[in-house]
Amino acid sequence: MRILLVEDNEAIIMGLEYLLSQEGYQMQTARTVLQAMEFLGREPWDLVLLDIALPDGDGLTLCKKVRQDGQTPVIFLTAKDEEDDVVQGLELGAEDYIIKPFRNRELVSRIKRVLRRSGKGSKILWCGDLSLNTETGKVRRGTVEISLTKLEYKILYNMMSCPGKLFTRDEILADIWDISGNFVNDNTLSVTMKRLREKIGDSESRLIQTVRGMGYRLER
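Everything quoted here is computed from the prediction, not taken from an experiment.

Draft legend 1. Spatial organisation of the pattern of salt bridges. In total, this model carries 17 salt bridges according to the counting rule given. Ionic pairing is found between Glu106 and Arg103, a salt bridge with its closest N-O pair at 2.8 Å. For Arg217, the salt bridge identified is with Glu219, shortest N-O distance 2.8 Å. The class for Glu219 is buried, based on a relative accessible area of 16%. Each of the salt bridges in this network shares a partner with another, and the network as a whole consists of Asp96, Arg103, Glu106, Arg110 and Arg113.

Draft legend 2. Just the sheet that holds strand S14 (residues 215-218), in detail. Ordered by their spatial adjacency, three strands build an open sheet running S12-S14-S13, and the pairing between neighbours is antiparallel. Single-partner strands in this sheet number two, and they are strand S12 (166-168) and strand S13 (208-211). Sheet twist, expressed as the average angle between the axes of neighbouring strands with direction ignored, equals 30 degrees. The pairing of S13 with S14 spans four bridges and is antiparallel. Paired with Thr210 across the two strands is Tyr216, which belongs to S14. In this fold helix H6 (residues 150-161) packs onto S12, S13 and S14, with an angle of close to 60 degrees to the strand it touches most, S14. Sitting on the sheet, helix H7 (residues 169-176) touches S12 and S14, and the angle it makes with S12 is about 70 degrees.

Conventions adopted
- Residues numbered from 1 in each chain as written.
- Predicted model: local features only at pLDDT ≥ 70, side-chain atom pairs only at ≥ 80, totals over all residues.
- Heavy atoms only, no water.
- Salt bridge = Lys/Arg side-chain N within 4 Å of Asp/Glu carboxyl O.
- Buried < 20%, exposed > 50% of the residue type's maximum accessible area, 1.4 Å probe, protein only.
- Pairing = 2+ DSSP bridges.
- Helix = DSSP H or I, 4+ residues; strand = E, 2+ residues; numbered from the N terminus.
- Axes fitted to C-alpha atoms, helices over the stretch in contact; angles between N-to-C directions.
- Contact = heavy atoms within 4.5 Å.

What follows is the structure, encoded as structure tokens:
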């Protein structure tokens, strides 16, 4: 997934470069409207993150141009929080409007939601240095490939698709009980979760957390 950031604040640029690279996105930065137009005219992008106040113009005009020329989704990322600005941005066709200062996890979640809605969702799910390629079925921790059973893969896929969501034991059982062609009981789930944690190097339960009496939750 390739994201064009149109932003002139160096601190924000550096922070987003690190954040989005950790999520597996490729990011290019344009610091002016003119530079953004050059990037947009030269190659396709999966998403544009757009500030409104720029040195040589405003992001609202640029958003209008982006929407006229194609279907590239736009998210405004700006300090301008007046209702008129928000309404105008959304009416110009932006998929979302996020006000600075923003929270990193919320921004990433909104980016993923917009990409999914636009049909550009990433084929690779990430949680720190743990990755799951939904196209090849390969799971890696860093550069090390991890071999999982069908049950382990299904559980991990579900949790990495919805990080932070609490999955009850009943939900997990209902989803996986027939995948192996055998009945999966509560004890089998406990054993499967234990083995999954061992394989992904999560013996201290920092990624997959147990919510006592309820289920499991994957934390970033």
